[in-house]
Amino acid sequence: MARPHEELYKLCDCLSSVSIELDSYEPGSQHLPIIDSSGEETGEAKTQTREVLPGLRFLREEVKRDLQVLRKFLDDPESKSLPPLSTNAPYLVAPKNGSAKGRGVKVDVVADNGRRWIRVNTIKNSRILMEFREMDSYFISSDDDDDDGHSPLKKENLIPREFDNSVLRMGRELLEAARANPPHGSTEIPSITMRFTRLDPSDINQETSDPRIAYTIDCLKRMGIDVQLGERQGIVKEINSNSAQPIIFKPTTHINLDLSALIALISDTTHSRLPRDAEDANKRFIPPQQYVEWKKQRVQMLSDSPDATSTWEDSGIHSRVLADQAQQEMRKGLLQDIHDRLRSICPTLQNIQFWTTREARQRCLQIVVKIAGARERQRAEALLSYSICSQTTTIPTRDQFWVQSRYPSNFIPLMPIRLYPLSEPDATSIESFQPHPSSPFMTSLASTCRNILSQDISRLRESQSPPGHSAAPDLINDEGDIPPAAVTSTNPKLTVHTVQSMLWGASLGWTTLTTNRSSVKVLLKEMKRSTGGGALTYEPPNREETTRTSRAAIWIMKPRSLSEGSRSDCCSE
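Residues numbered from 1 in each chain as written. Predicted model: local features only at pLDDT ≥ 70, side-chain atom pairs only at ≥ 80, totals over all residues. Heavy atoms only, no water.

A. Seen up close, the overall build of the chain. Per the secondary structure count, the chain includes 18 helices and 14 strands. Residues counted as buried form 45% of the 573 residues belonging to the chain. Total accessible area computed for the chain in this model is approximately 31100 Å², and 50% of it derives from carbon and sulfur atoms. (Helix = DSSP H or I, 4+ residues; strand = E, 2+ residues; numbered from the N terminus. Buried < 20%, exposed > 50% of the residue type's maximum accessible area, 1.4 Å probe, protein only. Areas by Shrake-Rupley, 256 points an atom, 1.4 Å probe, with all protein chains shown as cover.)

This is the structure we're talking about:
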């Protein structure tokens, strides 16, 4: 025996399913192709809240409200003798059986990373018949005027030459909007699907049937629109556990290094023995007496300058930062993390290559000459194949990079670090490589970097060596200070060499390794501003694949500073 209000029970089940899925909804498009080895969240890269989809919160609240009213009605024993409850459930379930808004055109579902737009329409036969009757009245009135009563014949063809209605207009608007809004980073025009949940062209009831309904659907199909009729079946289903699986991003075999990554690879903190505990890490960077005296003199000298920003407390902050970096090494070594992740994509590490820009290399050498310790200088010599010690008369071997390191020789095949031929990639230089297929994120990142750099083209950038010449590390001013890095006019927090490094990685489809989290945040904001956020998407490697693994565009690690000169125990090792 059927339950009273059986239809309401079915609607309640459907609405409950919709409510569960809305509560568990996490937009896959917000999983950026970024590896974050630091354990921190990165601005736009962190998992977004469920409110990233406009109107989603309102829909969720409406579903919960109607579900609560519906359950209360069905749980009431007296409801069996009451007439069916009026509810918005059919309309709230409609998009699920098929939400985002385009500019001027409503789209209920944006699927396949923007490649497919779905519009759900609940128009009934009776509603579209009203439009047809209104059209008929105009044509009949026009015929009477033209015949002047002399012709007894009436038109029997109800489909005029200029046939149109609200459904066809909706289809044209969707097609026009799709042509004007391809997915970011692509020229592909989104396909359009229109699902009519209540329209029935095969209805044989004379009161609700009309050949123009089928003709309307045929017109939509000839426009190139995918037309689907009726409600989707089996909407009450178990939540797919795969949707909650995290996306795994892996680095490419070719790694693009920016300046901060070069410094981290050379850092004494990265290579020296680990502290026994946090106390040992703090003691390791107590400023030596020689440094204390120099710092006091430096602060006293700068105190007369109106631009002076250095204080005696800065040295204590610097020591704490270095101690924190040493403790980070205790948790997970930087080289160990690189080694493990690269082994996951290339067990033998034979195909791994490291690349950097000439500007990053030059800047690194300038910094090393100024503040690095002896062992850090030796690693820089081996890593960058340049003699930077006046006492050194021979080019160091690659094995010297690993001397006095806690890691075995060639733990990671870093040498030789290869240099890009130009400061910024052009079509010819990119063709000389074998770049990976570009994703929308990579394309947008490269475009953003080019836009930023193009605004600085007329301004003198930091000194660059002519092709074929080594960057001279003695490009230090008369006061012995490292010249400031050129910054972009778009955002003073972005240096030119950082944007150039990111541009090379994005153009080639390679993973960029960096410890410069702040620059990544700024670049993501610039990408979002220029693309409206559409490019900040996860692009699966293959639409048919179920695995959630893809190439990482950026790999962020904790910074490692040049710390050898700040150690209080440097003579004990």
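Right, picking up where we left off after that structure.
B. Spotlight on the side chain of Thr511. Note that Thr511 resides in strand S12 (residues 511–514). The buried category is assigned to Thr511, whose relative accessible area is 0%. Excluding residues that lie within four positions of it along the chain, Thr511 makes contacts with Lys250, Pro251, Thr252, His254, Ile255, Asn256, Ala552, Ala553, Ile554 and Trp555. (Contact = heavy atoms within 4.5 Å.)

C. Spotlight on the sheet that holds strand S6 (residues 191–196). One open sheet holds the 4 strands; their spatial order is S4-S5-S6-S7, and the pairing between them is mixed. The open sheet terminates on both sides in strands that have one partner only, identified here as strand S4 (109–111) and strand S7 (226–229). The average angle at which neighbouring strand axes cross in this sheet is 20°, direction not considered. As paired strands, S4 and strand S5 (residues 116–121) are joined by 3 bridges and run antiparallel to one another. When the sheet's bridge partners are listed, Val110 is paired in S5 with Trp117. Packed onto the sheet, helix H5 (residues 166–180) meets S5 and S6 and runs at close to 155° relative to S6. Set on the sheet, helix H6 (residues 211–222) makes contact with S6 and S7; between it and S7 the angle comes to about 145°. (Pairing = 2+ DSSP bridges. Axes fitted to C-alpha atoms, helices over the stretch in contact; angles between N-to-C directions.)

D. View of the sheet that holds strand S9 (residues 254–257). Ordered by their spatial adjacency, 6 strands build an open sheet running S1-S14-S12-S9-S10-S11, and the pairing between neighbours is parallel. Only two strands of the sheet have a single partner each, and these edge strands are strand S1 (34–36) and strand S11 (418–419). As judged from the 2 bridges shared by strand S10 (residues 353–356) and S11, these two strands associate in the parallel manner. Paired with Trp355 across the strands is Arg418, a residue of S11. Against the sheet, helix H7 (residues 259–266) makes contact with S9, S10 and S12, and its axis sits at roughly 100° relative to S9, the strand it touches most.

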